[in-house]
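For reference, the chains in residue letters:
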Amino acid sequence: MKNSLQPPLRLLMGPGPSAIHPRVLAALAKPTVGHLDPFYLQVMDELQGMLRTAFRTENHLTMAISGTGSAGMEATIVNLIEPGDPMLVCVNGVFGGRMADVAGRAGADVTTISRPWGEVFTAQEIEQALSQRSFKVVGIVMAETSTGASQPIQELADVVHAAGGLLLVDAVTSLGGMPVEVDQWGIDAIYSGTQKCLSCPPGLAPISLNTKAVEVIMSRKSKVQSWYLDLTMLANYWGQDRVYHHTAPINMTYGLLEALSLLQEEGLEAAWQRHALNHQALKAGLSALGIQFAAQEGHQLPMLNAVRIPSGVDDKEVRGRLLKEFGIEIGAGLGEFAGKAWRIGLMGHASRQENVLLFLASLEQILMSQGHAADAGASVAAANQVYAGQ
Ligand SMILES: *Cc1c(COP(=O)(O)O)cnc(C)c1O
C-alpha cells in the first residue's frame, strides 16, 4: 500500500456496510463543487424529493444529516428533547440500548421497557407503559440489526398519539428493504442510514420530521444541546435561505442521490419483494444445514438474518475462512449474541440470488470440513427450490 490505495474486493454480507452498486461508487468520484454552487443546490432539492419518496412522506423537513445512522439518531433526539423531558425507549437489542444512552446524554428523563433479544413489542405493552406516566417521545427500533427482529410499527402511532407523545422510529436498516410508510403509519420523526439497504457507503443519515415534531422543536425553551445537529440552523441551509452552517459532504450526497435513483428505477415495492425472496431462499438453505434463526418466527427481518451458530462449530474460523477463501464478510454476534450468532446481511445491492447461492455453497463447504453433518449440495438445492417456485 505504497502509492495507491488498493482495498480488497469483498462481498459485504454483514450488518452493514452492504455491497455498493458500481454506479454509486462512480458517482462518488464525480467533480466536487462548492456547497452553495447552483448545481449543488439543485442536487440537494432532488435529494430531498427522493428521500420523501423513499420514506413515503410529504414531510417538508426531510434531509440528510452529515454523519452515519447514529448521527440521525442523535439529531432527532437532541432536537426533540429538552433537559428533563420524559422519553420512553423500547429496548430489545443493541440499538434500542444505544437510543436510551443517547437520550440520557441529551438530558432526557429516560424510562425503558424491554423484551428478550429476538422478540418484539406489542402495542399493548407500549400502551401499558404509557398508562403509567406521559412521555414526550417514544423511541423504537424497527429493524433491530443486532437480533434480526422485525418490529411492527403500523399499530403504534395511535397508541403513542392518544397518550400525547411523539413516535420516533429507527429505520436505519429497514429503509429500502421493507415497507416504511412514514405518513400512512403516522410516524412523527424517523432516521435512517446510507450503508444498509440503500447500498451507499456510510456517511449520511436521512431524517424526516412531520409538522407536529417541527413545532415541538421550534417552540423549545432551550437551545439544542448540539451545535452541529441543530435542526433549527440546518433547516436554514436545506430551506430557501441557504444559510451556510457546515460544509456539506458534497460527494457523499452524489452517492446517496445515485443510490436513491437506483431504488426508484427498480421501484420500492420491487426492492421490498427482492429482499423478501432472497431472505426466503437463504432461510431454506440454512435450514437444510440445520441452522436456526435467532429472532421469533413471523418477525424475522428480510435484510438481516441473525442465526444461531450450530454447536461444535468454530465461529471465528468459519467467518475467517468465508472472508479469506471466498471474499465474503458476514457479521459476528453483538452483545448478548456475541459468539452465539452470525448476522448474515442481504441488504440493498447485496440482496441478490447469486450472493445467496455463493454464500450457501461456501458455508456448506466450510461446515462439512468442520465435521458439521450436512448433505452435500442440500442447502443450494433448497434455496433453488424457493427460486424455482417464483
Ligand atoms: C447500523 C445501525 C445504527 C447505527 O448506524 P451507524 O451508521 O453505524 O452509525 C442504528 N440503528 C440500527 C438499527 C442500525 O442497524
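Residues numbered from 1 in each chain as written. Predicted model: local features only at pLDDT ≥ 70, side-chain atom pairs only at ≥ 80, totals over all residues. Heavy atoms only, no water.

### Observations concerning the overall build of the protein chain
Here is step 1 of the chain: Each helix and strand counted, the protein chain has 14 helices and 14 strands in total.
Here is step 2 of the chain: Relative to its length of 390 residues, the protein chain is compact, with a C-alpha radius of gyration of 21 Å against a globular reference of 21 Å.
Here is step 3 of the chain: Projecting the C-alpha coordinates of the protein chain onto the three principal axes gives extents of approximately 65 × 55 × 40 Å.
Here is step 4 of the chain: Each of the 390 residues in the protein chain was classed as buried or not, and the buried ones make up 58%. (Helix = DSSP H or I, 4+ residues; strand = E, 2+ residues; numbered from the N terminus. Rg over C-alpha atoms; globule rule 2.2 N^0.38 Å. Buried < 20%, exposed > 50% of the residue type's maximum accessible area, 1.4 Å probe, protein only.)

### A look at the packing of aromatic side chains
Here is step 1 of the chain: If you walk through the whole model with that rule in mind, you get three aromatic pairs.
Here is step 2 of the chain: Here the aromatic rings of Phe39 and Tyr254 are separated by 6.4 Å at their centres, their planes lie at 70 degrees, and the arrangement is edge-to-face. With Phe39 in helix H2 (residues 38–55) and Tyr254 in helix H10 (residues 250–266), the pair connects residues that are 215 residues apart, well separated along the chain.
Here is step 3 of the chain: Judged by centre distance (6.4 Å) and plane angle (45 degrees), the ring pair of Trp227 and Tyr228 falls under tilted.
Here is step 4 of the chain: With a relative accessible area of 49%, Trp227 lands in the partly exposed category.
Here is step 5 of the chain: Cation over ring: Lys283 sits above Phe293, and NZ or CZ is 5.4 Å from the ring centre. (Phe/Tyr/Trp six-rings, centres within 6.5 Å; stacked < 30°, edge-to-face > 60°. Lys NZ or Arg CZ within 6 Å of the ring centre and 35° of its normal.)

### Some remarks on the domain arrangement of the protein chain
Here is step 1 of the chain: Annotation of the protein chain at the domain level lists domain 1 (21–265) and domain 2 (268–388).
Here is step 2 of the chain: Each of domain 1 and domain 2 was reduced to a C-alpha centroid, and the two centroids are 29 Å apart.
Here is step 3 of the chain: Taken together, the 31 residues of domain 1 in the interface contact 23 residues of domain 2.
Here is step 4 of the chain: Summing the contributions of domain 1 and of domain 2, the shared interface buries around 2,200 Å²; its carbon and sulfur component is 67%.
Here is step 5 of the chain: Three residues stand out in domain 1 for area buried against domain 2, namely Arg56, Trp117 and Gly148, and they jointly supply 23% of the buried area on that side.
Here is step 6 of the chain: On inspection of domain 1 and its partner domain 2, the count reaches one salt bridge.
Here is step 7 of the chain: A salt bridge links Arg56 to Glu269; the shortest N-O distance between them is 2.8 Å.
Here is step 8 of the chain: Our enumeration of links across domain 1 and domain 2 arrives at nine residue pairs in polar contact (both at pLDDT 80 or more). (Domains from an automatic or database assignment. Contact = heavy atoms within 4.5 Å. Buried area = accessible area lost by both parts, 1.4 Å probe. Salt bridge = Lys/Arg side-chain N within 4 Å of Asp/Glu carboxyl O. Polar contact = N/O pair within 3.5 Å; in protein donor to acceptor, adjacent residues only side chain to side chain.)

### Observations concerning the packing of helix H11 (residues 268–288) against helix H14 (residues 378–388)
Here is step 1 of the chain: At a closest axis distance of 7 Å, the pairing of H11 and H14 adopts a crossing angle of 150 degrees. Classified by the angle between their axes, H11 and H14 sit roughly antiparallel to one another. When the axes of H11 and H14 are compared, the crossing they make is right-handed. The segment H11 lies against H14, with Leu277, Asn278, Gln280, Ala281, Ala284, Gly285 and Ala288 engaging Ala378, Ser379, Ala382, Ala383, Val386 and Tyr387.
Here is step 2 of the chain: Split by residue class, the contact of H11 with H14 holds nine nonpolar, four polar and no charged. (Axes fitted to C-alpha atoms, helices over the stretch in contact; angles between N-to-C directions. Parallel < 35°, antiparallel > 145°, perpendicular 65-115°, else oblique. Left-handed = near helix turned anticlockwise from the far one by under 90°. Nonpolar A, V, L, I, M, F, W, Y, C, P; charged D, E, K, R; others polar.)

### Examining H14
Here is step 1 of the chain: Taken as a whole, H14 has its buried residues at Ser379, Ala382, Ala383 and Tyr387. Buried residues of H14, viewed axially, fall in a sector of 145 degrees; they line one side. Exposed residues pointing more than 90 degrees away from the buried face of H14 are listed as Gln385 and Ala388.
Here is step 2 of the chain: Residues of H14 that are buried make contact with H11 and helix H13 (353–369). (Arc of directions from axis to C-beta.)

### So, the site of the ligand
Here is step 1 of the chain: Around the ligand sit 13 residues, and of these Thr68, Ser70, Thr145, Gln195 and Lys196 come closest.
Here is step 2 of the chain: Note that an oxygen atom of the ligand is positioned 2.3 Å from one of the side-chain N or O atoms of Thr145.
Here is step 3 of the chain: Take Asp170: an N or O atom from its side chain is 2.7 Å from a nitrogen atom of the ligand.
Here is step 4 of the chain: For the ligand, whose accessible area on its own is 380 Å², the fraction buried by protein is 90%.
Here is step 5 of the chain: Secondary-structure elements contributing two or more residues to the shell around the ligand are helix H3 (69–80) and helix H4 (94–105).
Here is step 6 of the chain: Classifying every residue of the shell around the ligand by side-chain character gives four nonpolar, six polar and three charged. (Near = heavy atom within 4 Å. Areas by Shrake-Rupley, 256 points an atom, 1.4 Å probe, with all protein chains shown as cover.)

### Some words on the environment of Ile328
Here is step 1 of the chain: As for its position among the elements, Ile328 is in strand S12 (residues 328–329).
Here is step 2 of the chain: Note: C-alpha distance between Ile328 and Asp183 (145 residues apart in sequence) is 37 Å.
Here is step 3 of the chain: Excluding residues that lie within four positions of it along the chain, Ile328 makes contacts with Leu11, Met13, Leu322, Leu323, Leu358, Phe359 and Ser362.

### Details of the side chain of Thr173
Here is step 1 of the chain: Position of Thr173 relative to the elements: it lies in the loop between strand S8 (166–170) and helix H7 (182–185).
Here is step 2 of the chain: A distance of 2.7 Å separates a polar atom in the side chain of Thr173 from a polar atom in the side chain of Thr145.
Here is step 3 of the chain: Residues within four places of Thr173 in sequence aside, it is in contact with Ala143, Thr145, Lys196, Cys197, Met303 and Met347.

### Comments concerning the sheet that holds strand S11 (residues 304–308)
Here is step 1 of the chain: Strands sit in the order S11-S14-S13 across an open sheet of three strands; the sheet is antiparallel. The open sheet is flanked by S11 and strand S13 (331–332), the only strands paired with a single partner.
Here is step 2 of the chain: In this sheet, strand S14 (residues 341–345) lies alongside S11 in antiparallel orientation, the contact comprising five bridges. Note that in S14 the partner of Asn305 across the bridge is Ile344. (Pairing = 2+ DSSP bridges.)

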